[in-house]
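Descriptive structure summary
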Amino acid sequence: MKNIAVLISGGGSNLQSIIDAIESREIKGKISVVISNKENAYGLERARKHNIKAVFLNDEREIINELKKNEVDLIVLAGFLKILSSEFTNSFENKIINIHPSLIPSFCGKGFYGLKVHQAAIDYGVKVSGATVHFVDENADTGAIIAQDTVEVYPEDSAEDLQKKVLEIEHKILKKVVKDFCDDKIRKKDRVVFIDK
Ligand code: GAR
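An account of the accompanying structure is given in this report. (Residues numbered from 1 in each chain as written. Predicted model: local features only at pLDDT ≥ 70, side-chain atom pairs only at ≥ 80, totals over all residues. Heavy atoms only, no water.)

1. Some points on the pairing of strand β5 (residues 96–100)
Summarising burial for β5: five of the five residues are buried, a large majority. What you see with β5 is no split at all: Ile96, Asn98 and His100 on one side and Ile97 and Ile99 on the other are buried throughout. Tracing the backbone out of strand β4 (residues 74–77), into helix α4 (residues 86–91) and back to the parallel element β5 gives a crossover that is right-handed. Bridge analysis of β5 against strand β6 (residues 128–135) gives four bridges, and the strand direction is antiparallel. Its bridge partner being in β6, Ile99 is matched across the sheet by Val133. (Buried < 20%, exposed > 50% of the residue type's maximum accessible area, 1.4 Å probe, protein only. Helix = DSSP H or I, 4+ residues; strand = E, 2+ residues; numbered from the N terminus. Right-handed = clockwise from strand over helix to strand, strands pointing away. Pairing = 2+ DSSP bridges.)

Set out below in structure tokens:
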């Protein structure tokens, strides 16, 4: 069974979707630790409610140590709004995944997080947006794409409306990718990802 760490900065609804899928045995894995770089992130409470170790750590070295101590196989960035150094990403190559609330390579990279992503998509006038799960490399949002799904964008949508629609599909694709990772179904050739049936 894979050891999973989930890194968060906020509410943790994506974390919750993983917790639920583990509890319903859809995902064959175990969350060893939840780490937040924000002390009052609600996601820490969500973890504790399910008896999952939850810690506040903002120092990258301390985060790396905690992850190594727990011998994690998979690190899920689920609304973790701190950019990782190349020392961090190189220490866990092909083991870190991130969920981003747009169709990468649009509306991503440094400064694109949370509502800002959705406001940018609306201001640009796109008719579809979506969510992406990707491997994390040394640059922001540039790693190989594992899964994407789309939602329609209407001219009258607010950033909050779009965020709500996208969040629903985030929970689905993130859960599926974590499941596939735990089932050893994900392979990568250069930057193209294959998922075994
Ligand atoms: C999610 O929409 C996630 O995609 C986004 O933060 C939100 C966290 O929500 N991440 C980014 O913008 C990363 N660039 P949650 O705490 O409810 O899971």
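2. Re helix α6 (residues 159–182)
Taking 1.5 Å of rise per residue, the 24 residues of α6 would be expected to cover 34 Å, and the 33 Å separating its terminal C-alpha atoms lies within 8% of that figure. All buried positions along α6 are accounted for by Ala159, Leu162, Val166, Ile169, Glu170, Ile173, Leu174, Val177, Val178, Asp180, Phe181 and Cys182. Two residues or fewer after α6 comes Asp184, characterised by a positive phi angle close to 60 degrees. (Expected span 1.5 Å × (residues − 1).)

3. Observations concerning the environment of Ile63
Along the polypeptide, Ile63 turns up in helix α3 (residues 60–69). Overall, Ile63 belongs to the buried group, its relative accessible area being 0%. A C-alpha to C-alpha distance of 9.1 Å links Ile63 and Asn37, two positions 26 residues apart in sequence. Not counting chain neighbours up to four residues away, the residues in contact with Ile63 comprise Leu7, Ile35, Leu57, Asn58, Phe80 and Phe88. (Contact = heavy atoms within 4.5 Å.)

4. Things to note about the site of the ligand
If you check the shell around the ligand, you find 14 residues, and the closest are Gly12, Ser13, Asn14, Gly114 and Glu170. Within the backbone of Gly114, an N or O atom sits 3.0 Å from an oxygen atom of the ligand. Here the shell around the ligand is composed, by residue class, of six nonpolar, seven polar and one charged. (Near = heavy atom within 4 Å. Polar contact = N/O pair within 3.5 Å; in protein donor to acceptor, adjacent residues only side chain to side chain. Nonpolar A, V, L, I, M, F, W, Y, C, P; charged D, E, K, R; others polar.)

5. Thoughts on the packing of helix α5 (residues 115–124) against α6
It is the contact of α5 with α6, at a shortest axis distance of 8 Å, that shows an interaxial angle of 115 degrees. Of the possible angle classes, the one that applies to α5 and α6 is roughly perpendicular. Two packed elements cross with a definite hand, and for α5 against α6 that hand is right-handed. When α5 is examined against α6, the residues Leu115, His118, Gln119, Ala121 and Ile122 are found in contact with a partner set consisting of Ala159, Glu160, Leu162, Gln163 and Val166. When grouped by side-chain class, the residues that make up the contact of α5 with α6 number six nonpolar, three polar and one charged. (Axes fitted to C-alpha atoms, helices over the stretch in contact; angles between N-to-C directions. Parallel < 35°, antiparallel > 145°, perpendicular 65-115°, else oblique. Left-handed = near helix turned anticlockwise from the far one by under 90°.)

6. Digging into the packing of helix α1 (residues 13–23) against helix α2 (residues 42–49)
Two elements in contact, α1 and α2, have axes whose closest approach is 9 Å; the angle formed by their N-to-C orientations is 15 degrees. By the angle between their axes, α1 is roughly parallel relative to α2. The two elements α1 and α2 meet at a crossing, and its hand is right-handed. Facing Ser13, Leu15, Gln16 and Ile19 of α1, the residues of α2 in contact are Gly43, Arg46 and Ala47. In terms of residue class, the contact of α1 with α2 is made up of three nonpolar, three polar and one charged.

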